[in-house]
Amino acid sequence: MDLYLKHIGSGRAVMGRVMGGMAEVRSEGAWIHADDGRRFLDFGGYGVFILGHRHPAVVEAVHRQIDTHPLASRVFLEPVAARAAQALAAHTPPGLDYVHFVNSGAEATEAALKLARAHGHTSVITTRGGFHGKTLGALSVTANATYQTPFQPLLPDVTQVAYDDPADLEQALAARRDRACVIVEPVQGEGGVRIPRHGYLSQVRALCRAYGAMLVVDEIQTGMGRLGTWWGVDAEDVRPDVLLVGKGLSGGVVPVAAMVATAEAYAPFSRDPYLHTSTFGASPIACAAALAAVRAMEEEDTVARAAALGLRILTAVRAVCAPYEGGLVREVRGRGLLIGIEFAEEQAVGELLLELISRGVLVNNSLNSTRVLRLTPPAVVEDSALDLFLTTLGAALRSTADRMTS
């Protein structure tokens, strides 16, 4: 705590104190261990741990890479990046074959925005409630004044439209036409697990084609099996020009993300490999983690498991929350292993989050929707851990409801 206060920030230190003051020191599977000996069931992790913590195959691949060649000179060809790109492209929508590896989801967004500009798509259309990162360009399309206002002015010519509203999007596109780049999430994660009506993404794709706009689909949180399909766009068989990948691509071990594009969209970066670069982008150690994560998902049928487990958890969470619907709880919704519990009051989210932590369970809040508690459990959760989560959630809801009522 003292080191956080002196070197990292007072706000983060205070937050740590509110969360109990312990430090996390070890992890495996669905569990995180603290320095005081307690362990916590991790149903949070912001979508990173689809394979759980320290998946053995990913850890082994990373260890092997550290022992041979963790970082590259960037002078010669590097085989691990090539193999990781091939493995990832084998599961992206047809035609999205070109992979640009970066270090974080925000960097993937930045790469996509620069790629769009290289094609003359200088007017960006984003959705209200959308979240795409907090670096300057990514923040410009993250529609939340709380994070944007201190850093104004941001990128020019960025327009916000309503999510799940093709008519609002068409009006914006009609004014910009082939100058436009549209960025959208299949499900808004930080927006509170907002699930659009079926057909929305297909309409977005059709409108972009009609007006000559570039379509970027942000699957940083929703991809890699999180929604019970490899990608959220798979539900409607939509092929964007650019797909953003992150979080689960790391295998829960080494940070890595990617921008994946069609040959036509990627052409400016393909022609000039120095047009957009990063010292640590596509590092062998990160690409070893990505390659191992994709292979582990293939071998363990993680996507199908996420779909089945997600349905079980969603059904069970709805049952646990049912006594509080119409009062404390407004709605439970989700797809795959991305589930949101929306409350009638903001206070309930903080109260329940702290109550769950005190009982040994970690969950997420939603940065762009303060009334929604978010669950992003790993696909490796065992039945005993699921039972524990549901029992704990029920007890925490009762305690929270009693406190708020009194």
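Scroll up a little and you will see the structure.
The structure presented is a predicted model; accordingly, all values stated were derived computationally and were not measured.

Chemist: Mind showing me how you'd approach unusual backbone geometry here?
Modeler: Excluding glycine, a negative phi dihedral is what most residues carry, and trans is how most peptide bonds are arranged. Each neighbour pair has its own omega, and for Gln152 with Pro153 the value is 0°, a cis peptide bond. Residue position: Pro153 is located in the loop between helix H7 (145-148) and strand E6 (158-161). Although it is not a glycine, Asp164 adopts a positive phi angle of roughly 60°. Of note, Asp164 is situated in the loop between E6 and helix H8 (166-176). Positive phi values are uncommon outside glycine, yet Lys247 reaches one of about 45°. On the secondary structure map, Lys247 appears in the loop between strand E9 (242-245) and strand E10 (257-262). On the basis of relative accessible area, Lys247 is assigned to the partly exposed category, the value being 25%.

Chemist: Explain the sheet that holds strand E5 (residues 123-127) here, please?
Modeler: Strand order in this open sheet of seven strands is E4-E10-E9-E8-E7-E5-E6, and the pairing throughout is mixed. For this open sheet the edge positions go to strand E4 (96-102) and E6, each flanked by a neighbour on one side alone. Neighbour-to-neighbour, the strand axes of the sheet open up by a mean angle of 20°, direction not taken into account. Pairing between strand E7 (residues 180-184) and strand E8 (residues 214-218): four bridges, direction parallel. Within E8, the position partnered with Cys181 by the bridge is Met214.

Chemist: Looking at this model, I keep getting lost on the packing of aromatic side chains. Mind explaining?
Modeler: Where two aromatic rings form a pair, the distance of their centres and the angle of their planes describe that pair. Evaluation of the coordinates by the stated rule reveals five aromatic pairs. Between Tyr98 and Tyr266, the aromatic rings sit 5.5 Å apart at their centres with planes inclined by 25°, giving stacked as the arrangement. Highlighted residues: Tyr98 in strand E4 and Tyr266 in helix H10 (residues 263-271), separated in sequence by 168 residues. When its relative accessible area of 36% is taken as the criterion, Tyr98 is described as partly exposed. Joined through ring pairs, the aromatic side chains of Tyr98, Tyr266 and Phe269 make up one cluster. One residue, Arg39, lies across the ring of Trp31, its end atom 3.6 Å from the ring centre.

Chemist: Quick question: what am I supposed to make of the pattern of salt bridges here?
Modeler: A side chain of one charge can pair with a side chain of the opposite charge if their charged atoms are brought near each other. Going through the model one piece at a time under the given rule, you end up with 16 salt bridges. Linking Asp36 and Arg38 is a salt bridge whose minimum nitrogen-to-oxygen distance equals 3.0 Å. The exposure class assigned to Asp36 is partly exposed, which follows from its relative accessible area of 42%. Here Arg64 makes a salt bridge to Glu60, at a shortest N to O gap of 3.7 Å. In this pair, Arg64 and Glu60 are both assigned in helix H3 (residues 56-68), four residues apart and thus about one turn of the helix distant.

Chemist: Where do I start with the pairing of E7 in this structure?
Modeler: Within a regular strand, the side chains alternate between the two sheet faces. For E7, the tally of buried residues reaches five of five residues, placing the bulk of the element in the interior. Burial along E7 is two-sided: the residues Ala180, Val182 and Val184 and Cys181 and Ile183 are all buried.

Chemist: Where do I start with the packing of helix H13 (residues 346-358) against helix H14 (residues 383-405) in this structure?
Modeler: Packed helix pairs are specified by the crossing angle of their axes together with the interaxial distance, meaning the distance between the axes. Across the interface, H13 lies against H14 with an axial gap of 9 Å and an inter-helix angle of 135°. Overall, the two elements H13 and H14 adopt an arrangement that is oblique. Remark: the crossing between H13 and H14 carries right-handed chirality. The residues of H14 that touch H13, namely those facing Gln347, Ala348, Glu351, Leu352, Glu355 and Leu356, are Thr392, Leu393, Ala396, Leu397, Ser399, Thr400, Arg403 and Met404. Its residues assigned to classes, the contact of H13 with H14 shows seven nonpolar, four polar and three charged.

Chemist: How should the environment of Val99 be read in this particular structure?
Modeler: Relative to the elements of secondary structure, Val99 occurs in strand E4. Placed 145 residues apart in sequence, Val99 and Leu244 show a C-alpha to C-alpha distance of 9.8 Å.

Chemist: For this particular structure, what's the right way to read the pairing of E9?
Modeler: Of the two faces of E9, the one carrying Val242 and Leu244 and the one carrying Leu243 and Val245 are both buried. Here three bridges tie E8 to E9, and the two strands are oriented parallel to one another. Its bridge partner lying in E9, Val216 is registered against Val242. Judged from the four bridges that link them, E9 and E10 form a sheet pairing that is antiparallel. Bridge pairing in E10 links Leu244 to Met259.

What counts and what doesn't
Residues numbered from 1 in each chain as written. Predicted model: local features only at pLDDT ≥ 70, side-chain atom pairs only at ≥ 80, totals over all residues. Heavy atoms only, no water. Helix = DSSP H or I, 4+ residues; strand = E, 2+ residues; numbered from the N terminus. Buried < 20%, exposed > 50% of the residue type's maximum accessible area, 1.4 Å probe, protein only. Pairing = 2+ DSSP bridges. Axes fitted to C-alpha atoms, helices over the stretch in contact; angles between N-to-C directions. Phe/Tyr/Trp six-rings, centres within 6.5 Å; stacked < 30°, edge-to-face > 60°. Lys NZ or Arg CZ within 6 Å of the ring centre and 35° of its normal. Salt bridge = Lys/Arg side-chain N within 4 Å of Asp/Glu carboxyl O. Parallel < 35°, antiparallel > 145°, perpendicular 65-115°, else oblique. Left-handed = near helix turned anticlockwise from the far one by under 90°. Contact = heavy atoms within 4.5 Å. Nonpolar A, V, L, I, M, F, W, Y, C, P; charged D, E, K, R; others polar.

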